[in-house]
Amino acid sequence: MDDGIDRLIRAVERVVVWLAGAGAALVLVQMVWISYGVFVRYGLGRPDRMVTEATALLLFPVAFAGLAYALREDAFPKVTMLTDQLRPGLRRVFDIVNHILMVGVGAFFAYAGVSATIRSFNSGVASEILHWPRYLFWGPGAFALVLFSIYATLRLIRLVRNPAPSGDL
């Protein structure tokens, strides 16, 4: 049975996968740029200040690009020693509480990221060395956090709507 929430989750998951791929590409760019910076610093004896600032600014979007993908793949670290001993119905309650916490924390950080993006756009602030607008760095991270919050909410809705497994509370 395929209802609207499952179709919506699949559509969001396509965006999640593309965003994780963009984050991976950004990591490759950082890897090449840092390698160049190390070569210039130690091989040529002329450090490039741009490398340090650019990689530092790129850390924010990269940090959150794969967050929703990790939720999709159930790749967050878990301690299940206690929950594995519970009956399926009670384990489901813990899963729901866990998703509620993820939605709450994700929404808080999404709000902070969007707020920072808007403030940096309105102020026109730029990076000190590169002179790149800061909202270009805040924006992708804020988008990733909003996407995570939406995806976690959809997964929570699906979890609540699904019937409890056999061996209820």
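Structure first, text after, so check above.
Residues numbered from 1 in each chain as written. Predicted model: local features only at pLDDT ≥ 70, side-chain atom pairs only at ≥ 80, totals over all residues. Heavy atoms only, no water.

(A) Fine view of the overall build of the protein chain. Of the regular secondary structure elements, the protein chain holds 5 helices and 0 strands. Its C-alpha radius of gyration of 20 Å places the protein chain more than 25% over the 15 Å reference for a compact globule of 169 residues. Taken over the C-alpha atoms alone, the protein chain extends approximately 70 × 35 × 25 Å along its principal axes. Nonlocal contacts in the protein chain, meaning residues at least 24 apart in sequence, comprise 79% of its contacts between residues at least 6 apart. Split by element, the accessible area of the protein chain, about 10,700 Å² in all, is 69% carbon and sulfur. Separation of charge centres in the protein chain, based on 16 positive and 12 negative side chains, amounts to 3 Å. (Helix = DSSP H or I, 4+ residues; strand = E, 2+ residues; numbered from the N terminus. Rg over C-alpha atoms; globule rule 2.2 N^0.38 Å. Contact = heavy atoms within 4.5 Å. Areas by Shrake-Rupley, 256 points an atom, 1.4 Å probe, with all protein chains shown as cover. Lys, Arg positive; Asp, Glu negative; His and termini not counted. Charge placed at Lys NZ, Arg CZ, Asp CG, Glu CD.)

(B) Spotlight on the side chain of threonine 117. Relative to the elements of secondary structure, threonine 117 occurs in helix H4 (residues 88–123). Taking the relative accessible area as the measure of exposure, threonine 117 reaches 15% and is therefore buried. (Buried < 20%, exposed > 50% of the residue type's maximum accessible area, 1.4 Å probe, protein only.)

(C) Structural view of helix H2 (residues 49–65). Helix length check: H2 (17 residues) gives 25 Å between terminal C-alpha atoms against 24 Å at 1.5 Å per residue, within 8%. By the largest-angle criterion, leucine 59 marks the main kink of H2, which is about 35 degrees, and a proline, proline 61, follows within four residues. When we look at burial in H2, the residues that qualify are Val51, Glu53, Ala54, Thr55, Leu57, Leu58, Pro61, Val62 and Ala65. If you follow the buried residues of H2, they end up packed against helix H1 (4–43), helix H3 (67–72) and helix H5 (135–161). Between the side-chain oxygen of the N-cap and the backbone nitrogen of methionine 50 there are 3.1 Å, and the N-cap of H2 in question is aspartate 48. (Expected span 1.5 Å × (residues − 1). Bend = angle between axes of the 7 residues up to and from the residue. Polar contact = N/O pair within 3.5 Å; in protein donor to acceptor, adjacent residues only side chain to side chain.)

(D) Molecular detail of the packing of aromatic side chains. Within the structure shown, the criterion is met by 7 aromatic pairs. Taken together, a centroid distance of 6.2 Å and an interplanar angle of 50 degrees make the contact between tryptophan 33 and tryptophan 132 tilted. Here tryptophan 33 is found in helix H1, whereas its partner tryptophan 132 is found in the loop between H4 and H5, with 99 residues between them in sequence. Among the residues examined, tryptophan 33 registers a relative accessible area of 19% and is labelled buried. Between phenylalanine 76 and phenylalanine 148, the ring centres sit 6.4 Å apart and the planes meet at 90 degrees, which makes this aromatic pair edge-to-face. Taken together, the residues phenylalanine 76 in the loop between H3 and H4 and phenylalanine 148 in helix H5 connect sequence positions 72 residues apart. Since its relative accessible area comes to 25%, phenylalanine 76 is described here as partly exposed. For phenylalanine 148, a relative accessible area of 5% translates into the label buried. (Phe/Tyr/Trp six-rings, centres within 6.5 Å; stacked < 30°, edge-to-face > 60°.)

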